[in-house]
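Residues per chain are reported as follows:
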Amino acid sequence: MVDALGVAVVGFGWMGRVHTQAYARVPHHYPRLPLRPRLVTVAEEVPGRAEEAAAQFGFASTTRDWREVAADPRVQAVSITAPNFLHREIGVAMAEAGKHIWIEKPVGLTAGDARAVAEAVTRAGVQGAVGFNYRNAPAVEAARDLIASGDIGTVTHVRIRLFSDYAAHPDGALTWRYERERGGSGVLGDLASHGVDLARFLLGDIASLTADTAVFVPERARPTGATAGHALASGGELGPVENEDYVNCLLRFASGARGVLEACRVSVGEQNNYGFEVHGTKGAVFWDFRRMNELAVSRGTTYQDQPVSTVYVGPGDGEFGAFQPGAANAMGYDDLKVIEAYRFLRSVAEGRPYGTTLGDAVHSAAVLDAMTRSAQTGGWVNVPTP
């Protein structure tokens, strides 16, 4: 017997669409999951956008007010894909209404926001998942297992990069993403938050750090209408970019390992250049998101001039087997969100967390806050234990 779970999506930009598509695909890849998501309602304040979503994906109803979702008895679980400044208010309200929540990172503007949502989820006894999708890549999970097994020895240092060009165009619209009040941080919350989560997922807690940030495109044109994604808006009134385009950070892990995390949203010539390089006393492991299903691995006993081999992940790695029957068959970005949706729904079905949690979001946000303090003071900052 498969039970229906009424789900809603709050905010229907690109990420709202990704969540909706993931819900639709979960039964195809995980037919034994005892819950079947049912699209109940979509909330979006931009006129006409919710109606378009309902017509395309089959939501039973629409609204422009997310508060109606919180009050809707048909809804048991909610995807929160609204702008960052709304995450705390919506997340707390949905949890207090008894809804399970799948919320996109960085879960608000500060660690305090993320903590408030996490505490609301705990008080309400509901499940909460967070959109740190890159840790769901089977190759990343395989890398974590490789590191934990000791195959590359004791980890000495890691480099994590997240370079993108989505904000490189000087005519990119001055949306909420570039405002402190509504977007909070810039590339810290958008890309570096993923890097922090990957760092913790692979190597454990970060103890201290020092960071430097910069704004390379200081002004942008204000949009004259509703925008989605990273739209262009030439000719409008210019306004200041209030948050950072770039961050470079040195990390010290609780384990004693060292690290470098670098992220930029205005890197011309870089399209989703995300990845990591983890070095140990006996070997190394490398991952590039653009070759998502591969790992480069060096291990052995030769140390100097030790070769690097390409390893293709397969059905024994992470959730790969739910998508492809054999190694070297490609998976893509949207598949990672299907895995995320599955783990969220499994958490709801079994009453215990699978995958990322609000606790992970609080840890990530604490590191981002420390980066902000370090960039302001120019010194090393200890990362507080959430």
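Residues numbered from 1 in each chain as written. Predicted model: local features only at pLDDT ≥ 70, side-chain atom pairs only at ≥ 80, totals over all residues. Heavy atoms only, no water.

### Some details on the side chain of Arg135
In step 1: Tracing the chain through its elements places Arg135 in the loop between strand 6 (128-130) and helix 6 (138-149).
In step 2: A distance of 2.8 Å separates the side chain of Arg135 from the side chain of Asp197, its partner in a polar contact.
In step 3: Sequence-distant contacts of Arg135, defined by excluding residues within four places in its chain, comprise Val140, Glu141, Asp197, Leu198, Phe201, Thr356 and Asp360. (Helix = DSSP H or I, 4+ residues; strand = E, 2+ residues; numbered from the N terminus. Polar contact = N/O pair within 3.5 Å; in protein donor to acceptor, adjacent residues only side chain to side chain. Contact = heavy atoms within 4.5 Å.)

### Some points on the pattern of salt bridges
In step 1: In this structure the tally under the stated criterion is 27 salt bridges.
In step 2: Between Asp335 and Arg25 there is a salt bridge, and its shortest N-O distance comes to 2.6 Å. Residue Asp335 is found in helix 9 (residues 333-350), and its partner Arg25 is found in helix 1 (residues 14-29); the two are separated by 310 residues along the sequence.
In step 3: In this structure, Arg74 and Asp72 form a salt bridge, with 2.7 Å as the shortest nitrogen-oxygen distance.
In step 4: Arg74 sits in the partly exposed class, given a relative accessible area of 35%.
In step 5: Through salt bridges with shared partners, one network takes in Arg135, Asp197, Arg200, Asp205 and Asp360. (Salt bridge = Lys/Arg side-chain N within 4 Å of Asp/Glu carboxyl O. Buried < 20%, exposed > 50% of the residue type's maximum accessible area, 1.4 Å probe, protein only.)

### Focus on the packing of helix 5 (residues 111-124) against helix 10 (residues 358-377)
Axes are the key here: two packed helices are described by the angle between their axes and the distance separating the axes.
In step 1: Direction vectors running N to C along helix 5 and helix 10 enclose 165 degrees, while the axes themselves pass 8 Å from each other. The angle between helix 5 and helix 10 places the two elements in the roughly antiparallel class. As helix 5 packs across helix 10, the resulting crossing turns out to be left-handed. Contacts from Ala111, Ala114, Arg115, Val117, Ala118 and Val121 in helix 5 reach Leu358, Ala361, Val362, Ala365, Ala366 and Asp369 in helix 10. (Axes fitted to C-alpha atoms, helices over the stretch in contact; angles between N-to-C directions. Parallel < 35°, antiparallel > 145°, perpendicular 65-115°, else oblique. Left-handed = near helix turned anticlockwise from the far one by under 90°.)

### Looking at helix 9
In step 1: In this model, helix 9 (18 residues) spans 26 Å end to end at C-alpha, consistent with the 26 Å of a helix rising 1.5 Å per residue.
In step 2: With 14 of its 18 residues buried, helix 9 lies for the most part within the structure.
In step 3: Trailing helix 9 by a residue or two, Gly351 shows a phi angle of about 75 degrees, which is positive. (Expected span 1.5 Å × (residues − 1).)

### Topic: the sheet that holds strand 4 (residues 77-80)
In step 1: On the basis of which strands lie adjacent, the open sheet formed by 6 strands has the order 3-2-1-4-5-6 and parallel pairing. Looking at strand neighbours, the two that pair on one side only are strand 3 (61-63) and strand 6, the edges of this open sheet. Each adjacent strand pair in this sheet contributes to an overall mean axis angle of 25 degrees, direction not counted.
In step 2: Where strand 2 (residues 35-43) lies against strand 3, 3 bridges are found, and the strand directions are parallel. Bridge assignment links Thr41 to a residue of strand 3, and that residue is Ser61. (Pairing = 2+ DSSP bridges.)

### Description of the packing of aromatic side chains
In step 1: Summed over all chains, the structure comprises 15 aromatic pairs.
In step 2: Taking the centre distance of 5.5 Å and the plane angle of 90 degrees together, the rings of Tyr23 and Trp102 count as edge-to-face. Here the residue Tyr23 occupies a position in helix 1, and Trp102 occupies one in strand 5 (residues 100-103), the gap between them amounting to 79 residues.
In step 3: On the basis of relative accessible area, Trp102 is assigned to the buried category, the value being 0%. (Phe/Tyr/Trp six-rings, centres within 6.5 Å; stacked < 30°, edge-to-face > 60°.)

### Thoughts on unusual backbone geometry
In step 1: The residue after Lys105, namely Pro106, is reached through a cis peptide bond having omega 10 degrees.
In step 2: Mapping Pro106 onto the fold places it in the loop between strand 5 and helix 5.
In step 3: The phi dihedral of Val107 is positive, around 60 degrees, even though this residue is not glycine.
In step 4: Mapping Val107 onto the fold places it in the loop between strand 5 and helix 5.

### Some points on the side chain of Ser79
In step 1: Assignment of secondary structure puts Ser79 in strand 4.
In step 2: For Ser79, the side chain forms a polar contact with the side chain of His19, separated by 2.8 Å.
In step 3: Side-chain polar atoms of Ser79 contact the side chain of Tyr23, separated by 2.7 Å.
In step 4: Dropping the residues within four chain positions of it, Ser79 is found in contact with Ala8, Val9, Val10, His19, Tyr23 and Trp102.

### Examining the nonpolar core
In step 1: By size, the foremost hydrophobic cluster in this structure holds 94 residues, and its most contacted members are Leu202, Val278, Val285, Trp287 and Met371.
In step 2: In terms of residue count, the dominant contributor to this core is helix 8 (residues 187-203) (10 residues).
In step 3: Ignoring any residue separated from it by four or fewer positions in sequence, one finds Val285 in contact with Ala143, Leu146, Ile147, Ile152, Phe276, Glu277, Val278, Leu295, Ala296 and Val297. (Core = buried A, V, L, I, M, F, W, Y, C linked by side-chain atoms within 4.5 Å.)

### Brief notes about the pairing of strand 1 (residues 3-10)
In step 1: Along strand 1, 6 of the 8 residues are buried, which leaves the element largely enclosed by surrounding structure.
In step 2: For the handedness criterion, the β-α-β arrangement of strand 1, helix 1 and strand 2 is classed as right-handed.
In step 3: Pairing geometry for strand 1 and strand 4, over 4 bridges, is parallel. When the bridges of strand 4 are listed, Val9 appears paired with Ser79. (Right-handed = clockwise from strand over helix to strand, strands pointing away.)

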